[in-house]
Amino acid sequence: MAPACNTLLFFLFCTFTLSIFSAASIHFHHPLDPLTLQELDQVRTIITASHHNLTFHYVGLDEPDKSIVVSWLAHRTTAKTPPRRALVIARLNHQTHQFIVDLSTHSIVSDEIYSGSGFPMLTFEEQTAANSLALTHAPFQASVSRRGLKMEEIVGLSSTVGWYGEEGTSRRIVKVMFCYLDGTVNLYMRPIEGITVTVDLDEMKIIAYHDRLMVPVPKADGTDYRESKQKPPFGPRLKGITVVQPEGPSFTIHGHQISWANWDFHLAFDMRAGPIISVASIYDAEKKEQRRVLYRGYISELFVPYMDLTEEWYFRTFFDAGEYGFGLCAMPLQPLTDCPENAVFMDGYVTGQNGTPVNMTNVFCIFERYAGDIMWRHTEAEIPGKLITESRPEVSLVVRMVSAVGNYDYIIDWEFLQSGSIKLSVGLSGLLEVRGTAYTHADQIHEEVYGTLLADNTLGAYHDHFLTYHLDLDVDGDTNSFVKSNLRKTLVSGNRSPRRSYWTVVSETAKTESDAKIQLGLKPAELLVVNPNKRTKVGNYVGYRLIPGSVVGPLLTDDDYSQRRGAFTKYNVWITPYNKSEKWAGGLYADQSRGDDTLAQWSLRDREIENKDIVMWYTMGFHHVPYQEDFPLMPTISGGFELRPSNFFDSNPVLKVKPPRQVKWPSCPTSMSGLP
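Not measured: the values here are computed from a predicted model. (Residues numbered from 1 in each chain as written. Predicted model: local features only at pLDDT ≥ 70, side-chain atom pairs only at ≥ 80, totals over all residues. Heavy atoms only, no water.)

### Side note on the UniProt feature "active site" (unreviewed entry) in the protein chain
Here's step 1: If you check UniProt for "active site" (unreviewed entry), the listed places come out as Asp320 and Tyr408 in our numbering. A compact arrangement is adopted by the annotated residues: their sequence extent is 89 residues, whereas the largest C-alpha distance between any two is 10.2 Å.
Here's step 2: Once residues lying within four places of it in the same chain are set aside, the contact partners of aspartate 320 are Glu301, Leu302, Val304, Gly325, Phe326, Val405 and Tyr410.
Here's step 3: Within the secondary structure layout, tyrosine 408 lies in strand β20 (residues 408-417).
Here's step 4: Discounting residues that sit within four places of it in the chain, tyrosine 408 has contacts with Tyr306, Ser403, Leu428, Ser429, Leu431, Leu432, His463, His465, His624 and Met634. (UniProt positions renumbered as here; feature names shortened; annotations may be inferred. Contact = heavy atoms within 4.5 Å. Helix = DSSP H or I, 4+ residues; strand = E, 2+ residues; numbered from the N terminus.)

Rendered as structure tokens:
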């Protein structure tokens, strides 16, 4: 692109960015706004005034009761904002404290000591301290010397350890594993196998050391993914491409409230969940009213069990949100590569181990997507003498975050369509977790190695990714029901048709939680959340349906300790009655948990869910068999699902949507070389 055009683009981007956020300078609180920098600092001041030498593991909004928020939304011009409260999870004297802090009264209103199984999220600081401690351990240094490696090129990585049937109170520990640099920044491709250092995090001391075996460290050659380190031959270079909105974006941001086209929703950042979408509603032009769709939606847990049974690997069954913090691992998004040129960015805040607030820059990007897709079209050629074609371009709004949890980069998109659909997608990229081996060719392998040979001395381990979404749908109100519409094959009897069979729809409304546990793929069905108190003009219940992507479920046995902790993945769909305390599918305290506080356990109560305020939990996933194309860095693999209006509107809501105006953009000189 010519420099003059770049200058013009920059001017327009800055101008429109200011207009998007112009109303944000007016200070007000939505009840679901995340805690501000000042509020987080206030929380730290309040707690440390009476509690010393504690470590902060989670600080987030203690959200008001749903009824209070809904009432506030209905009377927001006159209603007072509910008192702001914070939920704080901290460790003090080997105990887990759960505080509720009232910011309006500057006081601690609750301080409970948790005595059950499991521990809070790890902090970055304690992981760094454990890794450094291991590197200074004399037996470890002797092991490094025996392998002929350089100490200054070694990086330690703290791994959570899960639970494998141990009785009684357990210590809060990690196992530190090691990787080698020396010629690459791709440390995950150079594991140092056979060494395990176990660290007690509360005592910050080494309690076990094991050097079991020596295998070659994979070579550094060909593992560095940085552009500056690549050598010819290169792939073909495409000509420049950009997304330009000369009139500026069509969305506005007021604090954390985002309005675009017919959608209105709230976006918040949480250090455990990452993006939280709340109070999403859509404007119905025919009814001339804003209609509720989703009260609250977010990723509740990510369960990543590896299938390698060797001593240094069997315990690698990670809960990426509950153990490491999906939001805590969010990375600053890079303009023009992570997000397109027309994106607008938002920051988020987390707290460090000492309670000090930390600004996470560019944690979200919001942009309008137009990729040449078609929203709807039809060509009518059956009318004699006429050819009628109508088509509308698909423009959507995307909210994006990227979380780099260790070796994996998760690209999380919430996409809002003018048709009323919400598409949720996950992209997996980053680096495989590989095991060092003596093998250099597949023909040498005559044993179970739990993975694929990707390069010399490099095995890519088999593993899963399960992402469980918490979706509190409020379809035209908060009293909803779950309907499973089975597609049933029916035989034709008698002579009423030349056909021998057809299929029809037989619907079942779930009465209790046990009726709504669904393993997808067993038989065809439509899964809907409907409002049994609202009907369309022709008498159908208004609703939204789940359109799953690829169907993936766990392959582990129910009694496997890892699966007991991850039992919430057994079914793709669960429906529970709304309960403010039931937020985290793997339990509030996921580290070293025992599966006794999970979605699977809550649902055993078999509560009533018909015509109630209900929550849908949906688990999507990937079985990852590594291939050589995943080495040394993985091209993104994506999956997702859709929430789609189903008899929610009386007719096609985008029939009358006007396409974006065609605005002529000043021509920029481009190279025409190579064109015919």
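### Side note on helix α2 (residues 37-48)
Owing to its 3.6 residues per turn, the α-helix aligns residues three or four sequence positions apart on the same side.
Here's step 1: Here α2 is 12 residues long and its end C-alpha atoms lie 17 Å apart, about the 16 Å a rise of 1.5 Å per residue gives.
Here's step 2: Turning to α2, the residues buried within the fold contact β1 (55-61), β2 (85-92), β3 (95-102), β4 (107-114), β15 (344-351) and β16 (357-369). (Expected span 1.5 Å × (residues − 1).)

### Comments concerning the nonpolar core
Proteins that are soluble and globular tend to have nonpolar side chains buried together.
Here's step 1: Grouped together as the largest cluster of nonpolar side chains are 112 residues, with contacts concentrated most on Tyr410, Trp414, Tyr469, Leu471 and Phe482.
Here's step 2: Per-element accounting of this core gives the leading share, six residues, to strand β13 (residues 289-305).
Here's step 3: Every residue in contact with leucine 471, bar those within four places of it in the chain, is listed here: Leu294, Arg296, Gly297, Trp414, Leu424, Val615, Met616, Tyr618, Phe641 and Leu643. (Core = buried A, V, L, I, M, F, W, Y, C linked by side-chain atoms within 4.5 Å. Buried < 20%, exposed > 50% of the residue type's maximum accessible area, 1.4 Å probe, protein only.)

### Comments concerning the packing of aromatic side chains
Within a pair of aromatic rings, the relevant descriptors are the distance that separates the centres and the angle that separates the planes.
Here's step 1: Under the counting rule described, the total for this entry stands at 26 aromatic pairs.
Here's step 2: On the basis of an interplanar angle of 70 degrees and a centroid distance of 6.4 Å, the ring pair of tryptophan 414 and tyrosine 469 is categorised as edge-to-face. On the criterion of sequence distance, the pair formed by tryptophan 414 in strand β20 and tyrosine 469 in strand β25 (residues 463-473) is long-range, its members being 55 residues apart. Assigned by exposure class, tryptophan 414 and tyrosine 469 land together as buried. (Phe/Tyr/Trp six-rings, centres within 6.5 Å; stacked < 30°, edge-to-face > 60°.)

### Notes on helix α5 (residues 138-147)
Here's step 1: Within the sequence span of α5, burial applies to Phe140, Ser143, Val144 and Arg147. All buried residues of α5 lie within an arc of 100 degrees about the axis, which places them on one face of the element. α5 presents Ala138, Ser145 and Arg146 as exposed residues on the side facing more than 90 degrees away from its buried surface.
Here's step 2: Just downstream of α5 lies glycine 148, where phi reads positive at about 70 degrees. (Arc of directions from axis to C-beta.)

### Quick look at unusual backbone geometry
Here's step 1: In this structure, the amide linkage connecting proline 232 to the following residue, proline 233, adopts the cis form with an omega of 5 degrees.
Here's step 2: Residue proline 632 is reached from phenylalanine 631 by a cis peptide bond, and omega for that bond is 0 degrees.
Here's step 3: The topology assignment puts proline 632 in the loop between β31 (614-624) and β32 (634-645).

### Some points on the sheet that holds strand β7 (residues 191-200)
Here's step 1: The four strands are arranged β5-β6-β7-β8 in an open sheet whose pairing can be described as antiparallel. Each end of this open sheet is capped by a strand with a single partner; those strands are β5 (154-159) and β8 (205-211). Averaged over all pairs of adjacent strands, the angle between strand axes in this sheet comes to 30 degrees, irrespective of strand direction.
Here's step 2: Pairing of β5 with strand β6 (residues 173-180), which is carried by six bridges, proceeds in the antiparallel orientation. Of the residues in β6, the one forming a bridge with serine 158 is valine 176.
Here's step 3: Sitting on the sheet, α5 touches β5, β6, β7 and β8, and the angle it makes with β8 is about 30 degrees. (Pairing = 2+ DSSP bridges. Axes fitted to C-alpha atoms, helices over the stretch in contact; angles between N-to-C directions.)

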